[in-house]
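Chains, contacts and geometry: an overview
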Amino acid sequence: MTRQLRAILKKELRQNATLFLIMGVVMTALTYLLSVGSAANENTVTVLEIVPVGLLLYVPVASVYLSKRLFVSEQESNTHLFLEALPIARWPMYLVKYLLSLTFLGGSVLLMLAVVLKQTIKTEPVDSYMIWLLVCRALGYSFFIWSLCFAAGFGGRFRTTILWTTLLVAVGVGSSTSIPLDELGPLALVSTSDLPFNKWEFPWEPLLKALGLGMLLTGLGFAVCLWRDGLLARRLSGRMSVLEKSAGGVLVLLIITGFNLADFRMAKEPFEFYEEFVLKSEKTPLSILYLEPEHKERAEALMTYLEPKIAKLEQEVLSSTPPALNISLHPSFDGRTFDLATLKENDGILWRCAFHRDDFREDEFAAELVHSILVRSTNGLATFDPEHWFLDGFSVWWVEPESAERLWLASWIANRNELDVERLEGWGVLSDQLGWTAASSLAYSAVVQLERKGGPEGVVRLARHLYSTPYPRDVRAAFVKLRRPLWSELEEITKLSPAQFVTDWKESLQAGFEADRSSYPDVSAELSAQSDELRVRVVSKDPPASGTSWSFSHQLLPAYDRAVRPQDSKKEEFVWPAEEKSDEESLLDEYSSGQRVHLLVELNLPDHRFELPLLCERMELTR
Amino acid sequence: MSEWVIEVEGLCKSYGPTEVLKGLDLSVERGQIYGFLGRNGAGKSTCIRTLVGILVIDKGQVRLFGEPMGTGNISLRSRIGYVAQEQNFYPWMTPRALGDFVRGFYPNWDDQLYDSLLSSLELPRDRKVGAFSGGMKAKQALALALSHRPPLLILDEPTAGLDPVARREFFRIVREETKEHGTTILFSSHLITEVERVSNQLGIIDGGVTHYQGSVTELALRVKSVRGLPPEWVAPPEMQVLRKDDEETVFFFDSSEQLPHLLGEHPEAYESPLTLEDIFVELVTRSKVS
């Protein structure tokens, strides 16, 4: 048997060595270029981010090609008949091919990891356990995908239909339901939000699922190729008839139509309060739950404040009625904490806030509410737009068209950060670095700049342009986006190029900073992290005014691509010691090494509404 | 005492609902050149594919060299030289590469023999077989089949698609290469003249069953056509009649004495000569003759 297996292996290597070499070289070169590019990009959090992307693209493509080359082609060209006539059983013959492909795939995936890790360890702490996790994830996922392609390969002429149907169903399920496909089964192994960052948790569940499903699919593939002397595999091979092609086309159309219909039928009932103490607006779909009769007055005041703004938004910007808007009193919140609840069973928006408190900031809350309405009106896709600075800025502008405090804050930020068109286009990253309040204020200043150039009607025109037509829920969104770019409309409104617009905007912020320079303190913050201790030091050139305080907000990051919610942070506030130029605090045993935390240090001046962000960072605590 | 190389009893094989072999019997003695004759679709290739262990049998028995044959009997399979009806070589391989590859499957592989066969068959060693003609591919398959000196050579319509000269050349080489070792040969064909010329033993199958097994000479002696019998004549029960019309009656006689006896009874009757092709047609278009 060994002699025969060696002969088959030698033949396969001879036949496929060039292919393996080309695939390996191309994959290595692309991975190297990507990792070098990723390392050079200042917005890159970790070079390991390219690993899941690489695996998601490379492994399926390589697996489909290998299964075509080693199994399907054999059936199509009838060379399997030559092999079967040799004195060797079928199963070891196919097992050699199966293992060879799997070995190549596993080897090339390990090579990919090695190339990325070589680049990563130059700048990031990657320990041996993290490497072990990466290897297990990559190999587990590769085994599953290869087994899927191996089994589908014996589908012969139907394999393309099988693979496309699988892909379409996956895309359909992903886009029509809230099922997070990338967190399910073997796909969770290469989750873009988990693989590059999870350095401590062994992925037992997805790995076992990948191995289990992989073995099941492998068994299925072998069953098809061995059953009744390969009769089934032989019957499935060959070319598709016109009837089969038509049936395949109809199946694909049925799947697409089915998901569209399912999507349509899955419209949920709007959320509604059934409690006793609820105020309902007659002009807008707005309801406020105030829990106790004593809070009715505050609820009415909030209704009076919000109702015209929402009605105007519906009339001037949105093309359809806003979703059901529900606001619930949350007694334990402070006045600046607002929480957008997740509604799984119902449609609409549910905010929780402490509107009964004296320190409740109704303007900031209204901006968040408008933001959520616009996001909901575009089925959530407005926030996926990498240029969604306008969404953040417009939400504030709509409730506070003239906010000197916001512009004051924006000028401070502009003075400390480099701003250009590229940074606005990557708004998600900049926004993350600044924190919500600072980012929305900066975006607001850009909208004010637009108002200066194009008037309020120009701002509304751009908002209508972006948000009045609901985004489609499927891939058509990409085409719609291509058809209606933000900058082309903005250029038409302002008659300025994007670069010129940004230059003018920066100059106006700089002018604002210069004009009010004396109001800005010369303060900075430093952060150091050692093992289980976080130390923050704030330093001022001159002792700050009496009543100045500073705060330190921190929270554990679950997965890197998830938005940081301010209400999830723990905020420590410290009064700046009188006549002192610096202060220092540390946090002990709150987080352990290997964990990633979000940190925000802000300065609170006595006469100003907004805190000045001194430092905003995501950090991994090193061992 | 005879030594059976191939013994097949009641072989049945189906492809899904299609029953291809319906209880086929076959026996080949050592040293025989056995011509396996049958129409297209008679079940010859299926029978051969079960003999060489490619197909699993549904029912019946197949024994080679006294051992039961099955897909898992690798050692037995390695004692067979097999030339398939169609050659499905890897087109990128050269005869040299093919030899390197196939060598690994046969413990008795003889490199020198393979090399000399390539020379005598005039096959270029370093040309890709994808560029070979049908005749060259058949010769290549023969070289591979003979190079491990198999005691049994099974050829499944090896000369289909070859011109008459190439067919004769093919069988000349087969005979030359095997006569020294007393190799048993079973070859299938639907070309009667080829079988008549090459084989000394014959099996005729049709519809998945054996219609005749024996020597070609004996077959010619037993199947006879007689003309001039009176129209009202009725064959006695001991005589097997394959076909009867107003002018001609075709018999399958049990003994050589039956024909002279019949002609003696009917002086106006006379024997009409039959070719092997006529006999074949008569046999496969009539009911089974044991």
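Attention here is on the structure that accompanies the text. (Residues numbered from 1 in each chain as written. Chains lettered and ligands numbered in written order. Predicted model: local features only at pLDDT ≥ 70, side-chain atom pairs only at ≥ 80, totals over all residues. Heavy atoms only, no water.)

Moving on: the layout of surface pockets. Taken as a whole, the second largest pocket holds about 800 Å³ of empty space. Forming the boundary of the second largest pocket are 35 residues, of which Leu 81 of chain A together with Arg 49, Tyr 82, Ala 84 and Asp 156 of chain B lie nearest the centre. Within the residue set of the lining of the second largest pocket, elements represented by two or more residues are helix 3 (79–84) and helix 8 (231–236) of chain A together with helix 1 (44–51), strand 6 (80–83) and helix 5 (134–146) of chain B. Residue composition of the lining of the second largest pocket, grouped by class: 18 nonpolar, 10 polar and seven charged. (1 Å grid on protein atoms, 1.4 Å probe; cavity = no way out; pocket = protein on both sides within 12 Å on 5 of 7 lines; lining within 4 Å. Points joined across faces, edges and corners; volume = space filled by probe spheres on them. Helix = DSSP H or I, 4+ residues; strand = E, 2+ residues; numbered from the N terminus. Nonpolar A, V, L, I, M, F, W, Y, C, P; charged D, E, K, R; others polar.)

Before going further, it helps to spend a moment on the sheet that holds strand 9 (residues 570–575) of chain A. All names here are of chain A. Across the sheet, which stays open at both edges, the four strands sit in the order 9-8-11-12 with antiparallel pairing between neighbours. The strands lining the two open edges of the sheet, one partner per strand, are strand 9 and strand 12 (612–620). Strand after strand, the sheet turns through a mean of 15° between neighbouring axes, direction not considered. Sheet topology note: the strand 8 (residues 549–556)/strand 11 (residues 596–604) ladder contains eight bridges and is antiparallel. (Pairing = 2+ DSSP bridges. Axes fitted to C-alpha atoms, helices over the stretch in contact; angles between N-to-C directions.)

All names here are of chain B. The phi dihedral of Phe 65 is positive, around 55°, even though this residue is not glycine. Structurally, Phe 65 is set in the loop between strand 4 (59–64) and strand 5 (67–68). For Glu 157, which is not glycine, the phi dihedral falls at a positive 40°. Among the residues examined, Glu 157 registers a relative accessible area of 7% and is labelled buried. (Buried < 20%, exposed > 50% of the residue type's maximum accessible area, 1.4 Å probe, protein only.)

A word on the packing of helix 2 (residues 50–76) of chain A against helix 4 (residues 90–120) of chain A. All names here are of chain A. Close contact between helix 2 and helix 4 brings their axes to 11 Å; oriented N to C, the two are set at 160°. As far as their axial angle goes, helix 4 and helix 2 are roughly antiparallel. Between helix 2 and helix 4 lies a crossing whose hand is right-handed. Residues of the contact of helix 2 with helix 4, tallied by class, amount to 17 nonpolar, five polar and two charged. (Parallel < 35°, antiparallel > 145°, perpendicular 65-115°, else oblique. Left-handed = near helix turned anticlockwise from the far one by under 90°.)

What follows covers helix 11 (residues 362–377) of chain A. All names here are of chain A. Here helix 11 is 16 residues long and its end C-alpha atoms lie 22 Å apart, about the 22 Å a rise of 1.5 Å per residue gives. Counting buried positions along helix 11 yields 14 of 16 residues, so the element is predominantly enclosed. Following helix 11 by one or two positions, Asn 379 has its phi on the positive side, about 55°. (Expected span 1.5 Å × (residues − 1).)

A separate point is the pattern of salt bridges. Residue and element names in this part refer to chain A. Evaluation of the coordinates by the stated rule reveals 43 salt bridges over all chains. Between Lys 571 and Glu 611 there is a salt bridge whose closest N-O contact spans 3.4 Å. Pair noted here: Lys 571 is in strand 9 and Glu 611 is in the loop between strand 11 and strand 12, with a separation of 40 residues, a long-range link. The partly exposed category is assigned to Lys 571, whose relative accessible area is 42%. (Salt bridge = Lys/Arg side-chain N within 4 Å of Asp/Glu carboxyl O.)

Here the focus is a nonpolar patch on the surface. Residues and elements named next belong to chain A. On the surface, a cluster of nonpolar side chains totalling about 350 Å² of accessible area is made up of Trp 91, Leu 95, Leu 99 and Leu 226. Here the nonpolar patch takes three residues from helix 4, the largest share from any one element. Its place among the elements puts Trp 91 in helix 4. (Patch = residues over 30% accessible without salt bridge, like charges linked within 9 Å, V, L, I, M, F, W, Y side chains within 5 Å. Areas by Shrake-Rupley, 256 points an atom, 1.4 Å probe, with all protein chains shown as cover.)

Attention now moves to the nonpolar core. Leu 55 and Tyr 58 of chain A together with Phe 101, Leu 155, Leu 202, Ile 204 and Leu 219 of chain B are the most contacted members of the largest nonpolar core, which totals 115 residues. Top contributing element to this core by residue count: helix 5 (residues 128–153) of chain A, with 13 residues. Every residue in contact with Ile 204 of chain B, bar those within four places of it in the chain, is listed here: Leu 37, Val 209, Thr 210, His 211, Tyr 212, Leu 219, Phe 280, Leu 283 and Val 284 of chain B. Counting 101 residues, the second-largest nonpolar core is a separate cluster that includes Val 317, Phe 338, Ile 493 and Val 523 of chain A. (Core = buried A, V, L, I, M, F, W, Y, C linked by side-chain atoms within 4.5 Å. Contact = heavy atoms within 4.5 Å.)

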